Amino acid sequence: MTDAAQGQPQGPVFGVLAQYLKDLSFESPRAPDVFLAQGANPQVSADVKTEARPLADGVYEVELLIAAKAAAGDDVVFQIECLYAGVFQVQGVPQEHLGPFLMIECPRLLFPFARNVVADATREGGFPPLMLQPVDFVELYRRRAEAQAAGGEAPQPSAVGPSSKIILPN
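Residues numbered from 1 in each chain as written. Predicted model: local features only at pLDDT ≥ 70, side-chain atom pairs only at ≥ 80, totals over all residues. Heavy atoms only, no water.

1. Some points on the nonpolar core
- In terms of nonpolar packing, the biggest core is built from 32 residues, with V62, L64, I66, L102, V118 and F137 touching the most fellow members.
- Broken down by secondary-structure element, the contributors of at least two residues to this core are β4 (43–56), β5 (59–72), β6 (75–91), α2 (95–124) and α3 (137–149).
- Per-element accounting of this core gives the leading share, eleven residues, to α2.
- Setting aside its immediate chain neighbours within four residues, V62 contacts E51, A52, Y84, A85, G86, F88, L102, C106, P107 and L110. (Core = buried A, V, L, I, M, F, W, Y, C linked by side-chain atoms within 4.5 Å. Buried < 20%, exposed > 50% of the residue type's maximum accessible area, 1.4 Å probe, protein only. Helix = DSSP H or I, 4+ residues; strand = E, 2+ residues; numbered from the N terminus. Contact = heavy atoms within 4.5 Å.)

Next comes the structure, spelled out in structure tokens:
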């Protein structure tokens, strides 16, 4: 809706202006030997990182980095890094809600596309598709906010949980 007198939109404005694969790396350092080996299934670990930065007034780039590795003992079976991003228009959102919006809602929209890229790349690499479990971006944001409130640095990524970073204008 628009305010007839002002010609201005009422309430917040949100739009996905673009989404794209920014970087993709897949490695299988033990190929072709890994395909001939008979053994236990590899252990798979995955990390998720999110970042947001302003591009222009009300326009932000949000990046979602998924890094996963499959290992059998000390041997890396495969590793993949997928950097998927989107450009979002966000206007009319109060400043105190902008960070959570950019770091929760935007990655939530990007994740299914990045997940598909990871699954396709691992399948094309000769392995079963790596189907990542959904990420709780609310919890991710909450942990980061708690770490910042405690005066500490944001938690580092680990195999058990994602991390996030946001860069907003002061």
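2. A few points about unusual backbone geometry
- Across the junction of A31 and P32, the peptide omega takes the value 5 degrees, indicating a cis bond.
- In this fold, P32 is placed in the loop between β3 (13–27) and α1 (33–36).

3. Points about the packing of α2 against α3
- For the pair α2 and α3, interaxial distance at closest approach is 9 Å and the crossing angle is 145 degrees. As α2 runs across α3, the sense of the crossing is right-handed. Judged by residue contacts, G99, P100, M103, I104, P107, R108 and F111 of α2 engage F137, V138 and Y141 from α3.
- Residue composition of the contact of α2 with α3, grouped by class: eight nonpolar, one polar and one charged. (Axes fitted to C-alpha atoms, helices over the stretch in contact; angles between N-to-C directions. Left-handed = near helix turned anticlockwise from the far one by under 90°. Nonpolar A, V, L, I, M, F, W, Y, C, P; charged D, E, K, R; others polar.)

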